[in-house]
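The primary structure of each chain is shown beneath.
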Amino acid sequence: FGVFLVMAAVVLAFFCGCASTKGAQRKQARAERRHFEQGIALMQQGKLYDALEEFYQVVEANPRNADAWFKMGVIYQKLGDDAKAMGVYGKVLGIAPDYSKVYYNLGVIYAKSRSTYPQAIEMFTKYLELEPDSPHREMLERWIMDKKFWIKLDRADKKEDALEQSVEELKEEE
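Residues numbered from 1 in each chain as written. Predicted model: local features only at pLDDT ≥ 70, side-chain atom pairs only at ≥ 80, totals over all residues. Heavy atoms only, no water.

**Points about a nonpolar patch on the surface**
Operational definition: Patches here are clusters of residues that have more than 30% relative accessible area and form no salt bridge, with a 9 Å joining cutoff for like charges and a 5 Å cutoff for nonpolar side chains (Val, Leu, Ile, Met, Phe, Trp, Tyr). Each accessible area is a Shrake-Rupley result for a 1.4 Å probe, and residues are judged covered by the shown protein chains and nothing else. The salt bridge criterion pairs a side-chain nitrogen of Lys or Arg with a carboxyl oxygen of Asp or Glu, the two atoms within 4 Å. Under the scheme used here, helices are H or I runs from DSSP no shorter than 4 residues and strands are E runs no shorter than 2 residues, and both carry numbers assigned from the N terminus. Each residue is assigned to one of three classes by its accessible area relative to the maximum for its type, calculated with a 1.4 Å probe on protein chains only: buried under 20%, partly exposed between the two thresholds, exposed over 50%.
Together, F149, W150 and L153 give the surface a local cluster of nonpolar side chains, amounting to about 280 Å² of exposed area. Its location among the elements puts L153 in helix α7 (residues 137–173). The exposure class assigned to L153 is partly exposed, which follows from its relative accessible area of 30%.

**Section: the packing of helix α3 (residues 66–78) against helix α5 (residues 100–110)**
Put simply, the test is: For helices, the axis comes from a line fit to the C-alpha atoms of the stretch in contact; other axes are also lines fit to C-alpha atoms, and the angle between any two N-to-C directions lies between 0 and 180 degrees. Note on terminology: angles under 35 degrees are roughly parallel, angles over 145 are roughly antiparallel, angles of 65 to 115 are roughly perpendicular, and the others are oblique. Note on convention: the crossing is left-handed when the near helix lies turned anticlockwise from the far helix by less than a right angle, right-handed when the turn is clockwise. Pairs of residues are marked as contacts when any of their non-hydrogen atoms sit within 4.5 Å. Nonpolar residues are Ala, Val, Leu, Ile, Met, Phe, Trp, Tyr, Cys and Pro. Charged residues are Asp, Glu, Lys and Arg, and all others, Gly as well, are polar.
Packing of α3 against α5 brings their axes to within 11 Å, and their N-to-C directions diverge by 15°. By the angle between their axes, α3 is roughly parallel relative to α5. As for the relative orientation of α3 and α5, their crossing is left-handed in sense. Contacts from F70, V74 and Q77 of α3 reach α5 at K101, V102, N105, V108 and I109. Taken together, the residues that form the contact of α3 with α5 break down as five nonpolar, two polar and one charged.

**Considerations on the environment of K78**
In this structure, K78 sits in helix α3. Assessed through its relative accessible area of 57%, K78 is described here as exposed. A C-alpha to C-alpha distance of 8.5 Å links K78 and L48, two positions 30 residues apart in sequence. The residues touching K78, leaving out its near neighbours within four places in the chain, are M43 and L48.

**Describing helix α2 (residues 48–61)**
Selection criterion: One fewer than the residue count of a helix, multiplied by 1.5 Å, yields its expected span. When we speak of the arc, we mean the arc of directions from the helix axis to the C-beta atoms.
Between the first and last C-alpha of α2 there are 20 Å, a value that for 14 residues agrees with the 20 Å anticipated at 1.5 Å per step. Inspection of α2 places L48, A51, L52, E54, F55, V58 and V59 among the buried residues, and these make up the whole buried set. Take α2 and look down its axis: the buried residues cluster within an arc of 160°, on one side only. In α2, the exposed positions that point more than 90 degrees away from the buried face belong to Y49 and E60.

Right, dumping it as structure tokens:
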């Protein structure tokens with residue numbers, strides 16, 4: 001009978017521990033949701049730094065919350081800090097490799113500079129693979145085609161410039 005009581009006490013303690021763990025998990029999930037929703041509201045009000053703090057609270061509690069990381073990337077992008085945005089988007093892709101909006105936003109960042117058009121093309125292409133019904137599809141496909149043409153033209157110009165330069169060097173040597 002004594003063994004039965006000990007086993008019953010162990011089982012009871014186990015279930016109480018599980019209940020308190022589940023209760024703590026629910027409490028944490030509610031806090032995460034509250035901070036996330038507050039962050040969204042602050043973004044909509046244009047209070048980007050305050051929103052950033054709310055999303056930091058979310059990722060501090062749950063570092064695998066891709067949505068909160070994504071929103072932080074959007075804020076950094078809106079603030080003009082593309083380097084930080086790209087770093088945060090990298091974290092999102094580490095958690096959720098098929099997070100399509102990240103590829104779109106990275107494409108927008110890379111599209112700002114002619115020297116990074118190839119990366120922009122890669123990002124927009126991946127976005128379109130993940131979002132075949134995107135409302136941006138036609139515009140992105142035109143942009144990609146246009147930039148691919150300019151990249152080829154630019155490479156051809158560089159080759160032609162190099163050829164002209166080598167011809168000029170030959171003339172100088174004569």
